[in-house]
Amino acid sequence: MPLLGVIGGSGLYDIPGLEITGAEKIATPYGDPSDVYRIGKLAGTEVAFLPRHGTMHHIQPHKINYRANIWGFRELGVTKILSVGAAGGISGPMEPGSIVVPDQIFDMTSGRHSTFYEYDEVVHIDFTEPFCAGLRERIFAASEMAGLRVIRKGTYICVNGPRLETAAEIRAFSILGADMVGMTGMPEAVLARELELCFAGISVITNYAAGISGKKLTTTEVVESMKAATEKIKELLKAFFATDFPVPACFCGQALKEAKM
Ligand code: HPA
């Protein structure tokens, strides 16, 4: 049974080196996930992979069925999810090509289904630290093993899209403390927490956010940068899966304790 899940974003529709052993189509109470879950082995570890935009990149960020995607992982028995996504760099060190493991997230989306507790139960999940501390530490250890530089903190601001931002929006986000901007980090992260799954993000900075470089932004740039970073992501994931690092304690598995009214 796969225990580790990987979600791929723009430009990452499969994991190079993943030996595919099967595919699972999962039906959920929330509808269909973005694609079948491809099951495979990487560095001896069983992994379930899902491209969040579909293999043909036909699902826009605001149309992704985030609930079905996360629910499907849990149905497969996945307890830990690494979510890879593209982001635009806002603050100084967030240059195109950088890999960032965000420690905070800021939700600017609207109209997305961002909870499993819409009816019946009243649940207020603690989300002070939105990403799993244990998984984050393990990513850092893997990056050291792979000799890769990753930026170990950063605030990710999530927008609805699908349009890119205005320069004024990015200036405002910068004042709010955002380091990078993307379209998919939320509600993925909170939905995983509501199901008590460990979840960490790996953001690839594909471009400078609007108004920062003075250049027009293109989706080609985003996809090309992601493709260019694929080798690094693959090395990072391989190192992550290859080693049985002691996982520092986390509280993700008890997220619902004292959260229900
Ligand atoms: N803005 C929002 N989402 C993104 C960007 C961006 O500049 N780059 C990659 N995803």
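What counts as what
Residues numbered from 1 in each chain as written. Predicted model: local features only at pLDDT ≥ 70, side-chain atom pairs only at ≥ 80, totals over all residues. Heavy atoms only, no water. Axes fitted to C-alpha atoms, helices over the stretch in contact; angles between N-to-C directions. Helix = DSSP H or I, 4+ residues; strand = E, 2+ residues; numbered from the N terminus. Parallel < 35°, antiparallel > 145°, perpendicular 65-115°, else oblique. Left-handed = near helix turned anticlockwise from the far one by under 90°. Contact = heavy atoms within 4.5 Å. Nonpolar A, V, L, I, M, F, W, Y, C, P; charged D, E, K, R; others polar. Phe/Tyr/Trp six-rings, centres within 6.5 Å; stacked < 30°, edge-to-face > 60°. Buried < 20%, exposed > 50% of the residue type's maximum accessible area, 1.4 Å probe, protein only. Lys NZ or Arg CZ within 6 Å of the ring centre and 35° of its normal.

## A look at the packing of helix α1 (residues 66–75) against helix α4 (residues 185–194)
Running from N to C, α1 and α4 point in directions that differ by 40 degrees, and their axes come no closer than 9 Å. Taken as axis vectors, α1 and α4 run oblique relative to one another. The interaxial crossing formed by α1 with α4 has right-handed handedness. Taking contact as the criterion, the partners of Y66, R67 and I70 in α1 are, on α4, M186, P187, E188, L191 and A192. Grouping the constituent residues of the contact of α1 with α4 by class yields 6 nonpolar, no polar and 2 charged.

## Considering the packing of aromatic side chains
Applying the stated criterion across every chain, the model contains 6 aromatic pairs. Taken together, a centroid distance of 5.5 Å and an interplanar angle of 50 degrees make the contact between W71 and F116 tilted. Taken together, the positions of W71 in helix α1 and F116 in the loop between β7 (104–107) and α2 (133–146) put the pair 45 residues apart, joining distant regions of the chain. Note on F131 and F199: the rings are 6.4 Å apart at their centroids and 20 degrees apart in plane angle, and the pair reads as stacked. With F131 in the loop between β7 and α2 and F199 in strand β10 (residues 198–208), this residue pair connects regions lying 68 residues apart in the sequence. Per residue, the accessibility class of F131 equals that of F199, and both read buried. Here the aromatic cluster, defined as three or more aromatic residues joined through ring pairs, consists of Y30, W71 and F116. Lying across the ring of F240, R138 places its NZ or CZ 4.4 Å from the centre.

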